[in-house]
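Fold and geometry: a report
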Amino acid sequence: MRRPAAAVAGIAARLAGLQLIYTVLRRLLRLAAPEGLFAESMVSMAAMLLLFAVLRWAARRTGRDVTLLPGPPRPGFWAAAAGFGLLLALTLLPQNRSAQGLWLTVYGSIVTPLYEEYLFRGLIWRRLEKLFAGRAAVAAVNAVLFGLWHLGYADCVALRVDGELGRVMFWKVLTGLAYGAVLAAVRCRVRCCGWTVLLHGVMNLFGR
């Protein structure tokens, strides 16, 4: 069996490869998209949804799929999901947001959490549980990987900042680490990543 350090390095390498695929896919999709930051965000969302679908398909094919829903009964989860939906509505409607604002919220508070939580608090979490005996170690490594993951969004960030990309990325990684720590702490107490999808969505709704 591989040592935990070597196995974690392998996970990090695969995550870097996944972010590279995401970047290439975005650039290919951008060829058919109009100019502008909104179009760029929609391209990013489309690429993320495609990668989520591929990851889910591959996980099911290899028997490594993880559930997004807690086991029955689920009234608490569905109540929380309904509350999240209501929060989204209350955030959008009073401001008379445009269709673009709606889609940007869908991207940031629904699609991104679904993709990242399935990957980190789902697939990677299960892998780390096999490497480390204690949940504290699983949570710590998971949070660090999640923070470093945000380096892969550098090309997206570069389109929105004028210079000082290094400083912006430093804070993005640090914020990702803080997010990862909170989400990992919650994941330690629940049996699926559906709860962290909801929490991640709320955090992105108010934190982006």
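What counts, and at which threshold
- Residues numbered from 1 in each chain as written.
- Predicted model: local features only at pLDDT ≥ 70, side-chain atom pairs only at ≥ 80, totals over all residues.
- Heavy atoms only, no water.
- Salt bridge = Lys/Arg side-chain N within 4 Å of Asp/Glu carboxyl O.
- Buried < 20%, exposed > 50% of the residue type's maximum accessible area, 1.4 Å probe, protein only.
- Helix = DSSP H or I, 4+ residues; strand = E, 2+ residues; numbered from the N terminus.
- Contact = heavy atoms within 4.5 Å.
- Core = buried A, V, L, I, M, F, W, Y, C linked by side-chain atoms within 4.5 Å.

Looking now at the pattern of salt bridges. One pass over the structure, following the stated rule, counts seven salt bridges. Here Glu 164 ties to Arg 167 by a salt bridge, and the two come within 2.5 Å at their closest N and O atoms. Taking relative accessible area as the criterion, Arg 167 reaches 47% and is therefore assigned partly exposed. Salt bridges sharing partners connect three or more residues here, namely Arg 26, Arg 30, Glu 40 and Asp 155.

On to the side chain of Thr 196. Tracing the chain through its elements places Thr 196 in helix α8 (residues 194-207). Sequence-distant contacts of Thr 196, that is, excluding residues within four places in its chain, are made with Glu 117, Arg 121, Leu 183, Val 186 and Arg 187.

Another aspect to go through is the nonpolar core. A general trend in soluble globular proteins is that nonpolar side chains are found buried together. One finds Leu 128 and Trp 149 to be the most contacted residues of the largest nonpolar core, which totals 42 residues. Only α1 (4-30), α2 (37-61), α4 (99-131), α5 (135-149) and α7 (165-187) provide two or more residues apiece to this core. Among the elements that take part in this core, α4 stands out by supplying 11 residues, more than any other. Leaving out residues up to four positions away in the same chain, Trp 149 has contacts with Leu 15, Leu 18, Gln 19, Tyr 115, Glu 116, Leu 119 and Phe 120. By size, the runner-up hydrophobic cluster in this structure holds five residues, among which are Phe 77, Phe 84, Leu 88 and Leu 198.

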